[in-house]
Amino acid sequence: MSVLNSGHYILGEQGQKLEKAIAEVCHCHFGVGVANGTDALELAVWALDIGPGDEVITPSFTFAATAEAIVLRGAKPVFVDIDPSTFNINPDLIEKVITENTKAIMPVHLYGLPADMDPIVALAKKYYLKIIEDNAQAIGAVYKGRPTGSFGDLACISFYPTKNLAACGDAGMIVTNNADVSERLTRLRAHGMKKRYYHDELGVNSRLDELQAAILLTKLPYLAGWSERRRSLAKAYNRALGSIPWLKLPRNFDNVEHVWHQYTVVVEFDEKGPQSLLPASVLRDNIIQKLAQNGIGAMCYYPVPIHLQKAFAQFGYKKGDLPVTEFLADRVISLPMYPELEEKSIEKIAAVLNKIGQELTAVPSPSVSPVGVQF
Ligand SMILES: *Cc1c(COP(=O)(O)O)cnc(C)c1O
């Protein structure tokens with residue numbers, strides 16, 4: 001109400017307060033509010049002067065915006081496979097794709113689990129590369145005592161309504177410890193202006209408005225408690241699903257605080273069962289559909305890896321280039337995860353999954369083709 005009464009809707013006090021508060025969460029000196037997480041990524045690439053002829057190393061197992069930001073600035077995304085136990089970029093595979101054109105590494109803290117930052121930071125130091133963290137899914141997560149967002153030259157956050165800290169609309173932010181980069185970003189988000197109507201360079205219109213900032217400031221004090229709740233729900237899931245042999249459960253790691261943006265399981269049936277006649281992605285989609293019929297909103301993040309998307313065909317990747325990414329894209333299911341979820345719902349989800357599994361592994365009668373089995 002105070003924002004509405006003030007009549008001041010763009011670039012005001014609420015936005016500045018939020019920039020300071022989010023920077024603090026990420027142990028950074030500066031925050032620059034922007035219109036959404038995608039703009040945050042593109043402006044981050046822009047602010048580091050990465051463009052045509054440059055390469056940026058990033059995972060393909062992510063939301064398209066990560067690589068899109070690189071391509072929209074004219075640079076080339078170089079995709080690296082992931083570690084199956086973390087779903088995040090595999091640091092062991094980064095060094096061999098570094099070329100003289102490599103300018104940056106863009107790790108994603110997918111599903112709320114920090115990427116393995118120590119080796120990434122070491123490689124960036126060794127080869128004079130920048131790091132842009134895609135922290136859209138992991139605000140508040142901690143890796144070896146330090147929050148995500150504090151490792152890169154820049155880190156990008158999304159406040160999209162499904163994210164852990166969610167606006168009532170679109171909003172995003174870039175955090176950094178570099179004063180020059182922060183200053184440049186405040187110009188780029190506002191048509192390249194520092195002084196009004198004096199355009200030192202081109203920019204865009206990408207601002208976090210005052211209403212969204214006020215909403216986010218109101219919610220921010222709850223974030224740590226919500227993350228704690230998500231951790232306890234993830235434990236409840238691990239207990240409830242632990243006895244289902246065809247589900248691989250997400251791992252937790254001692255030296256991180258996961259914020260469980262998603263609780264993601266991998267469907268891995270015995271290769272010799274009747275269900276093995278179905279392609280893995282069809283089987284996965286069937287399970288999601290069956291869950292939906294039972295009132296359970298499960299999702300697949302994301303069914304097609306970025307390197308195999310039509311929009312990225314120009315970079316010449318083909319099936320088989322990133323085997324772990326491709327294997328998991330066919331098999332992941334993210335189960336309901338939000339702080340208000342109740343333990344008894346998790347019990348129900350486990351029971352439904354058990355039932356689905358029994359139906360799928362039952363030997364079909366000879367008159368029914370296994371492909372046509374309805375479950
Ligand atoms: C949500 C998300 C984005 C984009 O954020 P928007 O605010 O939706 O533009 C980028 N990267 C990842 C990994 C995301 O999950």
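Rules and cut-offs
- Residues numbered from 1 in each chain as written.
- Predicted model: local features only at pLDDT ≥ 70, side-chain atom pairs only at ≥ 80, totals over all residues.
- Heavy atoms only, no water.
- Core = buried A, V, L, I, M, F, W, Y, C linked by side-chain atoms within 4.5 Å.
- Buried < 20%, exposed > 50% of the residue type's maximum accessible area, 1.4 Å probe, protein only.
- Helix = DSSP H or I, 4+ residues; strand = E, 2+ residues; numbered from the N terminus.
- Domains from an automatic or database assignment.
- Contact = heavy atoms within 4.5 Å.
- Expected span 1.5 Å × (residues − 1).
- Buried area = accessible area lost by both parts, 1.4 Å probe.

Draft legend 1. Expanded view of the nonpolar core. Within the largest apolar cluster, 44 residues are counted, with the highest numbers of intra-cluster contacts made by L241, I287, L335 and L353. Only helix 8 (223–241), strand 12 (263–267), helix 9 (280–293), helix 10 (323–329), strand 13 (332–335) and helix 11 (343–361) provide two or more residues apiece to this core. A per-element tally of this core places helix 11 first, with seven residues. Both of domain 1 (2–222) and domain 2 (225–359) provide at least three residues apiece to this core. When residues no more than four places from it in sequence are discounted, the contact partners of L335 are Y237, L241, Q262, Y263, V265, L291, A298, I349 and L353.

Draft legend 2. Quick look at helix 8. The terminal C-alpha atoms of helix 8, which comprises 19 residues, lie 27 Å apart, in line with the 27 Å expected from a rise of 1.5 Å per residue. Elements that come into contact with the buried residues of helix 8 comprise helix 7 (210–219), strand 10 (247–248), strand 11 (256–257), strand 12, strand 13 and helix 11.

Draft legend 3. Structural view of the domain arrangement of the protein. With domains assigned, the protein is organised as domain 1 (2–222) and domain 2 (225–359). On a C-alpha basis, the centres of domain 1 and domain 2 stand 26 Å from each other. Across the contact, 38 residues belong to domain 1 and 33 residues belong to domain 2. Of the roughly 3,100 Å² buried where domain 1 meets domain 2, counting both sides, 65% is carbon and sulfur surface.

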